[in-house]
Protein chains: 2
Amino acid sequence: MGIAVVFFAVCLPSGADEGMWLFNAIPKKQLSHTIGFVPSQDWLDHLQHASVRFNSGGSGAFVSSNGLVLTNHHVAASSLQKLSTPENNIARDGYLADTIDKEIRCLDLELNVLRSIEDVTARVVSAVAGATNSAEAAAARRSVLAEIEHESFTATGLRSDVVTLFGGGYYHLYRYKRYTDIRLVFAPERQIAFFGGDADNFEFPRHCLDICFFRVYEKGQPLTVKSFLPFASNDVQQDDHIFVAGHPGHTDRGKTMAEIQSMRDRRLPFSLEWLNRREVLLQAYAEEGHVERQRAMQDLFSVQNSRKARSGLLSSLLRPDIMNRLENTEHDLRKQWNKGEQESPWNRISLAQQTIDSLAVRYNLLEGAMGFRSQFFSNARTLLRIVEESGKPDGDRLREYRDSARSSLELRLLSNQPLYDDYEILKLTDSLTFLVNTLGLDDPLVSDVLDGKSPAERAIELVAGTRLGKRGDGPVSTAPDRRREILNGGRDAIEASDDTMLSLAQLIDSESRSLRKIIEENAEIKKQAHAELIRLRLETSPAAIAPDATFTLRLAYGTVKGVTGQPSELRPWTTIHDLFTKADTEKNRSPFDLPESWRDAHRALTESNSIETPLNFISTADIIGGNSGSPVVNTTNELVGVIFDGNEDSLVLDIAYDNVRARAISVSVGAIMKSLEHVYDAKTLLTELREGLQ
Amino acid sequence: MGIAVVFFAVCLPSGADEGMWLFNAIPKKQLSHTIGFVPSQDWLDHLQHASVRFNSGGSGAFVSSNGLVLTNHHVAASSLQKLSTPENNIARDGYLADTIDKEIRCLDLELNVLRSIEDVTARVVSAVAGATNSAEAAAARRSVLAEIEHESFTATGLRSDVVTLFGGGYYHLYRYKRYTDIRLVFAPERQIAFFGGDADNFEFPRHCLDICFFRVYEKGQPLTVKSFLPFASNDVQQDDHIFVAGHPGHTDRGKTMAEIQSMRDRRLPFSLEWLNRREVLLQAYAEEGHVERQRAMQDLFSVQNSRKARSGLLSSLLRPDIMNRLENTEHDLRKQWNKGEQESPWNRISLAQQTIDSLAVRYNLLEGAMGFRSQFFSNARTLLRIVEESGKPDGDRLREYRDSARSSLELRLLSNQPLYDDYEILKLTDSLTFLVNTLGLDDPLVSDVLDGKSPAERAIELVAGTRLGKRGDGPVSTAPDRRREILNGGRDAIEASDDTMLSLAQLIDSESRSLRKIIEENAEIKKQAHAELIRLRLETSPAAIAPDATFTLRLAYGTVKGVTGQPSELRPWTTIHDLFTKADTEKNRSPFDLPESWRDAHRALTESNSIETPLNFISTADIIGGNSGSPVVNTTNELVGVIFDGNEDSLVLDIAYDNVRARAISVSVGAIMKSLEHVYDAKTLLTELREGLQ
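Bear in mind the structure is a predicted one, so any value in this text is a computation, not a measurement.

Cut-off values and rules
Residues numbered from 1 in each chain as written. Chains lettered and ligands numbered in written order. Predicted model: local features only at pLDDT ≥ 70, side-chain atom pairs only at ≥ 80, totals over all residues. Heavy atoms only, no water. Least-squares fit on C-alpha atoms with pLDDT ≥ 70 in both. Contact = heavy atoms within 4.5 Å. Buried < 20%, exposed > 50% of the residue type's maximum accessible area, 1.4 Å probe, protein only. Helix = DSSP H or I, 4+ residues; strand = E, 2+ residues; numbered from the N terminus. Arc of directions from axis to C-beta. Pairing = 2+ DSSP bridges. Axes fitted to C-alpha atoms, helices over the stretch in contact; angles between N-to-C directions. Phe/Tyr/Trp six-rings, centres within 6.5 Å; stacked < 30°, edge-to-face > 60°. Salt bridge = Lys/Arg side-chain N within 4 Å of Asp/Glu carboxyl O. Polar contact = N/O pair within 3.5 Å; in protein donor to acceptor, adjacent residues only side chain to side chain. Core = buried A, V, L, I, M, F, W, Y, C linked by side-chain atoms within 4.5 Å. 1 Å grid on protein atoms, 1.4 Å probe; cavity = no way out; pocket = protein on both sides within 12 Å on 5 of 7 lines; lining within 4 Å. Points joined across faces, edges and corners; volume = space filled by probe spheres on them. Left-handed = near helix turned anticlockwise from the far one by under 90°. Parallel < 35°, antiparallel > 145°, perpendicular 65-115°, else oblique. Nonpolar A, V, L, I, M, F, W, Y, C, P; charged D, E, K, R; others polar.

Draft legend 1. Spotlight on the relation of the copies chain B and chain A. When chain B is fitted to chain A, the best match, at an RMSD of 0.0 Å, comes from turning it 180° and sliding it 0.0 Å along the axis. On this basis, the relationship between the two copies can be described by a two-fold rotation axis. For chain B, the residue whose C-alpha comes nearest the rotation axis is B:Asn276, separated from it by 2.8 Å. By residue overlap, the copies meet face to face through one surface: 100% of the interface positions of chain B are interface positions in chain A.

So, in structure tokens, the structure goes:
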């Protein structure tokens, strides 16, 4: 993180370029006014069908008619990690399948392609209308959502998710085609994909080739795709208009001040304490040697990324200018409220938030499993609950156990990801220690969990006695995997089992469920209040309003543009040449060290006049975490880049849009082609991509 | 940290080899019984006068008649850091003065050599006897201590510190010769001094050349030294008896269970939260580039070291077996108490501890300056208080401002260490954020401190507006240094100053002092209670008892010995050959990368038959932080090694001795000589060291 020595005012809210828009409700007037181009329905349908959601948390797009998908290396990273070993470290060293039979199937990756969106708000609202309290309402809402999803899934065979929009104001049914046979085609080395490491994360200038190619298979064959995005033949120019189709994960722009303050004073400090703790733990473990580094690297990156994002957001929330703007906006809206303060949505949200806050730490430790960090525990709880929840009507279950989500859930539960005893013990020891420090040794549950042992001893015992995962390396245990047996055996198998993790999951389940029930009832109160708020906002706003992000497909738009007063003002991109210069300046020391392939390719890149090719460019598109891997297209729906990050000033986008200093960062397609040709000699892949250009 | 898969019982308390003994009270009976050797008074005097305290926090010893001092690289590190720049990075790359005129003077290093110890308990006790409450007692105690020190300093010209022993049971006056012209002679590269980095810290096997040579000067000439320790000509052998003379910083073995529980449940979790936070901050900053790395590296090492030590100690305190042993010991002692529970020392300590706990967080943020991490702030507060305290009688002042400590205080205050704006802003922003998160934005003091700005904006403003330090690089300010002017100008200069940091120090000073006053009154209650406890313990213990560590000279003893069941059982040392093997196994990747000098010297080391020379050895000596750099001698007072660390199991030593698995780790003198000869070609230094051998 660079120290920004001078603070510029962030203009909040700024209409231009704001919004992560629903594909069924794009802001035509705003688009026409701002960039003078309104996409046609065909244009939108094409982009929608070419867009891919990575359920591991990210976005991507089809880039050939044979199911080739382009995304970020860091979106692919958890899948690459699961395919890696210390000896064959694909996540670190990269991979190229130069023939189709060398493409490697991922262990548990699921991709979704959005087929349709249907507004089901009326049905949801009417189902909830009869409820006399929030517990009844929450149950009715859960029930109608499961019913809609179940009907849709039965009728279409498509994954069917009802998405809650505007914090509870609207409900849309999203239908997806699921793909689970996903194979790795090409990944560059982590050094170049993540050049600059944590230091450069959320920064610009950047010099990353943060890309990865997969191929989607169906019935053992490459998927034939009608809608895919051809690579544009020209690089982006200053002031080009671009569109981004991706899956932003979460924003908080519709939150009330009570919720924002809770985030600032409680949620963010608590999660940063936790993230700092984990970062130190994983960093220290990764330093122990190359085996440990391989095991922990992916988790470490993920923790560092969250830490930097949340830390940046917290900084924004501690800025009086930003908080004042948000307060003023709320104040203006409150003036439109003409009933009593007692019944106002803000007051109801504030009270519900207080209840949530009072339970949040305990809830996070138990239901959020912060106190039990081990994949073995996670598997144990999923098994325990699958069995329990399956015995209930679909609509009465905890939401993630509904029928329509079952196959995705099983894919994750039965993953063949290898688990390593030492690493599981490390994480579990630390999280049990956190549990003890936070709740105290005298807490009855803590006492039951530790069972008279220290956190370290207890963690060893728990890992030694579980059979709920595939073991990669077990100095403590070589117990065989029993997940499928428990899953098939149901309640009897659970009762007969002496698995330590299953016992632990049972031990905490009752309290964990009780906490969740209270939290969900208060979330229901907030949903009803937010539904009123969005009606009020829509009634009083002159412009269209986009709902907060929900990890569903959205359209953003913007301009290729630097930041006034910064070097990017003149040239809002970096080049391949800049990459070499940066590595030289930092003496090729980590995290600014080039992989051998790139050092070797310097001459070929120079001689082929590729050295000045734009590598990463910035734009004003409104994006956030989850957008990683999103296709960036021009007005003719050609691919010009792949989103991989935002700059530091973009971290404020969680709570408010800014186009003065916040920027999205993309890998430029020109640099992808040049590197495939001159660095990786990836002939087959190049041919496939160029066919799309014809 | 390696995961210890099996837990061995730690034998607590174990008499053999326990104790950091006072040089004026060595346990003759125990020594005679355990190792069959009782040092003579001459032997003790010689070792005492050859031992050196590094006031930056560590130990060392004279190793030639010309004032040459040997210590650890990590003890020297803060001094090396202050002499380094990104271009001439001595801390990283090492240094060799091959002629005497190339020896470089340190900026603010003070060494002390202990001249005498005098028991002043009776005088302290009688001065306090008349007090009617703890506030009066604390004042009387502070006053008599300052009086004794002042008298001694005036009479002898020696630095005079009254040391509180056994938590308040005894008071000894320590007189030191101070040296402040200390010059760097030789430092190896950080890579070899700290080979294995944080991963190997507190671990054995180890492969470090953690050494550094300084020379003490007086009146511009090398100091002539009568008592120095010649290098032993033979390497240590299995079961050799050894002695360690050093300055262990702090232990908690005399603490009551109430104090231990407070440490486990409050102090350690809080300080670990803080250390994790700082480690992440500094690590991220250091990754930004070589300039940033140079600035932050020393602080980062220091934080990592504290984090690992405290985390290990917390693990010990969460072990029921250890806590049960400590409880039983207290329980047995309580049986000896024949007055009421209400008046018992344990009860009084427990109540005082509760009061301290209730204020500790706020106290740490303000008086401990956790909320204001910048050397500029530290300088500002010292200046403010020097001026205020100087106007009071010596005995009424805050203890660190007494006359007898003034010259050491000024040495630190006026240090020429360069300060970098970006780094000071980084630390200050983070600590202000911590302050806000911990006390809340609504806290009146927080509100005054932030002055309507965000932590980041306020930090920039504070750093831009201060002149209280030497600026190394100031993108924010190039304001000249005004420390000496303020110091000389006194109260008028402070009142006339518009320095931002001085204003901040003034803003918090009143509350900070109030908190300190309450804490000190309760510490006084604990001191009186501990005085009773130690009398009870001495009356009832069959063996001698050593007081808890106080960063004063102590004698420990032990045996060169591995751990049963571990590879070290057969050979309690590593060799130079093992070092090369470890680097090979880890593919010479950081933190297991050898410096070029060592890679180049492999042949010379092999051909000179040096490759099997012991590099690091372990022993059962009772040591802790502060002992780093301590000379390890044989029964004939020859130097056989230099302490530089303990193993992971030694972290329990803070609360209880263990000789089953806890071990001290030393650099062996043989390896020092071999590396000076074959790696560094340090002819002059070798000649000087060998003369000592004649």
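We are not done yet, so read on.
Draft legend 2. Expanded view of helix α5 (residues 121–129) of chain B. Residue and element names in this part refer to chain B. Among the residues of α5, Thr121, Val124 and Val128 are the ones counted as buried. Taken end-on, α5 shows its buried residues confined to a sector of 70°, consistent with a single buried face. α5 presents Ala122, Ser126 and Ala129 as exposed residues on the side facing more than 90 degrees away from its buried surface.

Draft legend 3. Layout of the sheet that holds strand β18 (residues 614–619) of chain A. Residue and element names in this part refer to chain A. Pairing is antiparallel across the open sheet formed by eight strands, whose spatial order is β1-β16-β13-β19-β20-β21-β18-β17. On the outer flanks of this sheet lie β1 (21–22) and β17 (573–575), each paired with one strand and no other. Packing of helix α20 (residues 576–585) onto the sheet brings it into contact with β17 and β18, and relative to β17 it is tilted by some 70°.

Draft legend 4. Focus on the packing of aromatic side chains. Residues and elements named next belong to chain B. All told, the structure shown has 34 aromatic pairs over all chains when counted by the stated rule. Relative to Phe301, the ring of Phe194 has its centre 4.7 Å away and its plane inclined at 65°; by these criteria the two rings are edge-to-face. Taken together, the residues span a long stretch of sequence, with Phe194 in the loop between α7 (190–193) and α8 (197–200) and Phe301 in helix α10 (residues 290–317) at a distance of 107 residues. Each of the two residues, Phe194 as well as Phe301, counts as buried.

Draft legend 5. Representation of the pairing of strand β20 (residues 639–646) of chain B in the model. All names here are of chain B. A large share of β20 lies buried, amounting to eight of its eight residues. One ladder, built from three bridges, connects strand β19 (residues 631–633) with β20; its direction is antiparallel. Of the residues in β20, the one forming a bridge with Val632 is Gly641. Sheet analysis places β20 next to strand β21 (residues 664–668), joined by five bridges and oriented antiparallel. Residue pairing in the sheet places Gly646 in a bridge with Ala664 of β21.

Draft legend 6. Quick look at the environment of B:Asn276. Structurally, B:Asn276 can be placed in helix α9 (residues 257–286). Judged by relative accessible area, B:Asn276 falls into the buried class, the value being 8%. Separated by 31 residues in sequence, B:Asn276 and B:Arg307 place their C-alpha atoms 7.2 Å apart. Contacts of B:Asn276, omitting those with residues within four sequence positions, involve A:Asn276, A:Arg277, A:Val280 and B:Arg307.

Draft legend 7. Structural detail: the pairing of β21(B). Residue and element names in this part refer to chain B. Of all five residues making up β21, five are buried, and the element is well covered by its neighbours. Because side chains alternate across β21, one face comprises the buried residues Ala664, Ser666 and Ser668, and the other comprises Ile665 and Val667, equally buried. Of the pairings in the sheet, the one linking strand β18 (residues 614–619) to β21 comprises four bridges and is antiparallel in character. Bridging from a neighbouring strand, Ser619 pairs with Ala664 of β21.

Draft legend 8. The arrangement of the interface of chain B and chain A in detail. Taken together, the contact pairs 50 residues of chain B with 50 residues of chain A. Along the contact surface separating chain B from chain A lie zero salt bridges. Across the chain B-chain A interface, the total number found is four residue pairs in polar contact (both at pLDDT 80 or more). Elements supplying a minimum of two residues to the side of chain B that touches chain A: α8, α9, α10, α15 (421–439) and α17 (455–464) of chain B. A total of nine residues in the side of chain B that touches chain A trace back to one element, the largest contributor, which is α9(B).

Draft legend 9. Examining the side chain of A:Ser512 more closely. Residue and element names in this part refer to chain A. Within the secondary structure, Ser512 sits in helix α19 (residues 500–540). Reaching out from Ser512, the side chain makes a polar contact with the side chain of Glu367 at a distance of 2.6 Å. If near-sequence neighbours (up to four positions away) are discounted, Ser512 is found in contact with Leu366, Glu367, Arg381 and Arg385.

Draft legend 10. A look at the nonpolar core. Judged by nonpolar contacts, the single largest core of 75 residues is most densely connected at A:Ile655, B:Phe372 and B:Met501. For B:Met501, the contacting residues outside a window of four places in its chain are B:Ser374, B:Phe376, B:Phe377, B:Ala380, B:Leu428, B:Leu462, B:Val463 and B:Thr466. In terms of nonpolar packing, the next biggest core, distinct from the first, is built from 74 residues, A:Leu275, A:Leu383, A:Phe434 and A:Leu468 among them.

Draft legend 11. Up close: the environment of B:Arg458. Residue and element names in this part refer to chain B. Following the sequence through the fold, Arg458 ends up in helix α17. Under the relative-accessibility criterion, Arg458 is labelled buried at 10%. Sequence spacing of Arg458 and Gly625 is 167 residues, and the spatial spacing of their C-alpha atoms is 36 Å. Not counting chain neighbours up to four residues away, the residues in contact with Arg458 comprise Leu432, Val449, Leu450, Asp451 and Lys453.

Draft legend 12. Region of interest: empty space enclosed by the protein. The final tally for this structure, using the stated rule, is eight cavities of 30 Å³ or more. Considering only enclosed or pocket space, the largest cavity measures out at about 50 Å³ in volume. Within the residue set of the lining of the largest cavity, elements represented by two or more residues are α10 (290–317) of chain A together with α15 and α17 of chain B.

Draft legend 13. Region of the structure containing the packing of helix α22 (residues 669–678) of chain B against helix α23 (residues 683–691) of chain B. Residues and elements named next belong to chain B. Their axes nearest at 9 Å, the elements α22 and α23 cross at an angle of 145°. Crossing of α22 against α23: the hand is left-handed. Contacts between α22 and α23 pair Met673, Leu676 and Glu677 from the former with Leu685, Leu686, Leu689 and Arg690 from the latter.

Draft legend 14. Representation of unusual backbone geometry in the model. At the junction of A:Phe204 and A:Pro205, the peptide bond is cis and its omega measures out at 5° in the coordinates. Inspection of the secondary structure puts A:Pro205 in the loop between α8 (197–200) and β11 (212–218). Positive phi, normally seen in glycine, also occurs at B:Lys219, with a value near 50°. We classify B:Lys219 as exposed; its relative accessible area is 82%.

Draft legend 15. Inspection of the packing of helix α13 (residues 375–390) of chain A against α19(A) at higher detail. Residue and element names in this part refer to chain A. It is at 9 Å that the axes of α13 and α19 come closest, and there the two elements cross at 65°. The angle between α13 and α19 falls in the class roughly perpendicular. Crossing of α13 against α19: the hand is right-handed. On α19, the residues that touch Phe376, Phe377, Ala380, Arg381, Leu384, Arg385, Glu388 and Glu389 of α13 are Met501, Leu502, Leu504, Ala505, Gln506, Ile508, Asp509, Ser512, Arg513 and Arg516. Residue composition of the contact of α13 with α19, grouped by class: nine nonpolar, two polar and seven charged.

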